[in-house]
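Breakdown of the fold
Chain residues, written in single-letter form:
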Amino acid sequence: MTESEGPGLSDEFLNAFVDNQIDGDEKGRVYPLINNDPELNRKVCELRKVSDLVRLAYDTTPAPRHRETPRRHLASRLAPLIAPIVLLIGVTLGWSLRALWAPAVPPRPVAAIARATTHLTTKVLFHLDNGDRTHMRQVLEEAQHLLARYRADHRQAKVEILADGPGLALLRRHLSPFPARIAALQARYPNLIFAACQDTINRLKRRKGIDPHLLPQTVIVPSAIAEIVRLQRRGWTYISV
């Protein structure tokens, strides 16, 4: 990772990280840095919010309900392009203004952060609340890459995959698309936890009369939100997939 030779992770690299455009080895190096640098963690969260809002701007642009004049038609076609640009300008301006009042903090060299965290346990919480098969596969791949990388480097890592809402399907015995892969990951990595939200289970029982059967070794937590707050207070890095 070329950024490790410079004073810090570049914005270009962080955007690629947020957009899932770097490989598993690179991600394995980034997670401990995010986990142990509050400023970097906050910046990654901001970039994720921007990415989600830009994607939402494209996904939610309404189709015209009647025939438009050429001028209005052109404006409607440009709207989804202008919205994310305005959003990005606003976020960039916000960061710039923030720098005017925030005390100057020299960037911590990535190499120094990595050395400081060599003997620490990196703890990452992946939150899955989407029932899409692609998202399910992604969270399993992310967890596997991270754990494999840390094992190869003789470093400690703990990973929890928390499923709630539609994402609970990943851990339901008769609905999960990847039961064999989950079982293999559990057998290979004892420091990997699959957790299901009790609130989601209760809603299925109450609204649909369904008592979901979960995959073996699944841990049930009372509430996804409470679990996220609990682990973040204990220093876990939160990743929404």
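Residues numbered from 1 in each chain as written. Predicted model: local features only at pLDDT ≥ 70, side-chain atom pairs only at ≥ 80, totals over all residues. Heavy atoms only, no water.

A closer look at the pattern of salt bridges
The condition is simple: Here a salt bridge means any side-chain nitrogen of Lys or Arg lying within 4 Å of a carboxyl oxygen belonging to Asp or Glu. Using a 1.4 Å probe on the protein chains alone, a residue whose accessible area is under 20% of its type maximum counts as buried, one over 50% counts as exposed, and one in between counts as partly exposed.
All told, the structure shown has 4 salt bridges when counted by the stated rule. The shortest N-O distance in the salt bridge between Asp-153 and Arg-149 comes to 3.0 Å. Judged by relative accessible area, Arg-149 falls into the buried class, the value being 16%. One salt bridge in this structure joins Asp-153 and Arg-155, with 3.2 Å as the shortest N-O distance.

Describing the packing of helix H6 (residues 133-152) against helix H7 (residues 179-188)
Angle between the axes and distance between the axes are the two parameters that describe a pair of packed helices. Short version of the rule: Orientation is described by lines fitted to C-alpha atoms, with helices fitted over the stretch in contact, and by angles between N-to-C directions that extend from 0 to 180 degrees. Runs of H or I in DSSP of at least four residues are treated as helices and runs of E of at least two as strands, each being numbered from the N terminus. Our angle categories are set so that under 35 degrees counts as roughly parallel, over 145 as roughly antiparallel, 65 to 115 as roughly perpendicular, and the remainder as oblique. Handedness of each helix crossing follows the sense of rotation of the near helix against the far helix: counterclockwise by less than a right angle gives left-handed, clockwise gives right-handed. Any two residues whose heavy atoms approach within 4.5 Å at even a single point are treated as in contact. The nonpolar class holds Ala, Val, Leu, Ile, Met, Phe, Trp, Tyr, Cys and Pro. Asp, Glu, Lys and Arg form the charged class, and all remaining residues, Gly among them, are polar.
Contact pair H6 / H7: the axes reach a minimum separation of 12 Å and the direction vectors enclose 20 degrees. When the axis of H6 is compared with that of H7, the two are roughly parallel. Taken as a pair, H6 and H7 cross one another with a handedness that is left-handed. Across from Arg-137, Leu-140, Glu-141, Gln-144 and Arg-151 in H6, the residues of H7 making contact are Arg-181, Ile-182, Leu-185 and Arg-188. Of the residues in the contact of H6 with H7, the class split is 3 nonpolar, 1 polar and 5 charged.

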